[in-house]
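Descriptive analysis of the structure
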Amino acid sequence: MKGLISFSLFIVIAIIVWWSVTEDYSARHQFQQASDKPYVDIFMNEFELTAMDDSGAPGYILRGSHLQQFNNADDTQITQPVFHLLQANAQWIISADNAILNNKKQTIQLNNNVLMQQQNSEPAVNIRTQSLLVHTQTQIVQTQVAVNITQGRSRIKSNGMIFNNITSELELSPNVNSVLFPYE
């Protein structure tokens, strides 16, 4: 009888301990509900992204040293972006200190020390500004701040521009100053 009481007491204690351990464990390890605080949802270091156009050919390539997107934002922040516009006859490389990529609007806003360099042309055109918006679908590049355009020894300054990479049309905003030299 003494053995049966000891065994029953052991079973009761084991059940109580098991119940308290599992109850405490499940309370501590429940999934935390999502908070409204922003957190980094995606990040990459030393990345390269290639976007294809409707025909399946590369439309543009975007490289950078760091990319991050927060959970509650449509914008993706990029550090040291290098953006390649890839048209058959009009290729440009655009670099900046940082950029914001917005997939919904299909835009890339490049900021601080922006340099847009023409490729496969001599003498090449270089465009310098502090802010440049690229519409990735239409390949229209625009800014409303000061731009300095150089080609060889020729220089043009303007208070903004719109450039269509598909048609190669450049529209300068008012207050244009230029110094033009013939090609050598």
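Parameters at a glance
- Residues numbered from 1 in each chain as written.
- Predicted model: local features only at pLDDT ≥ 70, side-chain atom pairs only at ≥ 80, totals over all residues.
- Heavy atoms only, no water.
- Pairing = 2+ DSSP bridges.
- Helix = DSSP H or I, 4+ residues; strand = E, 2+ residues; numbered from the N terminus.
- pLDDT = per-residue confidence, 0-100.
- Core = buried A, V, L, I, M, F, W, Y, C linked by side-chain atoms within 4.5 Å.
- Buried < 20%, exposed > 50% of the residue type's maximum accessible area, 1.4 Å probe, protein only.
- Contact = heavy atoms within 4.5 Å.

**Regarding the pairing of strand S7 (residues 107-118)**
Direction of pairing for strand S5 (residues 91-95) relative to S7: antiparallel, over a ladder of four bridges. Paired with Trp92 across the strands is Gln118, a residue of S7. Sheet topology places strand S6 (residues 98-102) next to S7; five bridges connect them, and they run antiparallel. By the bridge assignment for S7, Asn98 is matched with Asn111. Connecting S6 to the antiparallel partner S7 that follows it, the hairpin turn spans four residues, and Gln106 within it adopts a positive phi of roughly 55 degrees. Bridge count for S7 against strand S8 (residues 125-135) is nine bridges, and the pairing is antiparallel.

**Let's talk about the confidence of the model for the protein chain**
Put simply, the protein chain has an average pLDDT of 83, and 83% of its residues get 70 or more. Of all the helices and strands in the protein chain, helix H1 (residues 2-28) carries the lowest mean pLDDT, 65, while S8 carries the highest, 95.

**Details of the nonpolar core**
Ile94 and Met116 are the most contacted members of the largest nonpolar core, which totals 26 residues. Only strand S2 (58-70), strand S4 (82-86), S5, S6, S7, S8, strand S10 (147-151) and strand S12 (161-164) provide two or more residues apiece to this core. Ile94 has contacts with Pro81, Val82, Phe83, Leu85, Leu110, Val114, Leu115, Met116, Leu132 and Val134, leaving out every residue within four places of it along the chain.

**Examining the side chain of Thr107**
Within the element layout of this structure, Thr107 appears in strand S7. Among the residues examined, Thr107 registers a relative accessible area of 12% and is labelled buried. For Thr107, the contacting residues outside a window of four places in its chain are Ile100, Leu101, Asn102, Leu133, Val134, His135 and Thr136.

**Considerations on the environment of Lys37**
Positionally, Lys37 belongs in the loop between H1 and strand S1 (40-52). Taking the C-alpha atoms as reference points, Lys37 and Asn71, separated by 34 residues in sequence, lie 8.9 Å from one another.

**Some points on the pairing of S6**
Taken together, the five bridges between strand S3 (residues 75-79) and S6 define a ladder with antiparallel strand orientation. Counted as the bridge partner of Asp75 is Asn102 from S6.

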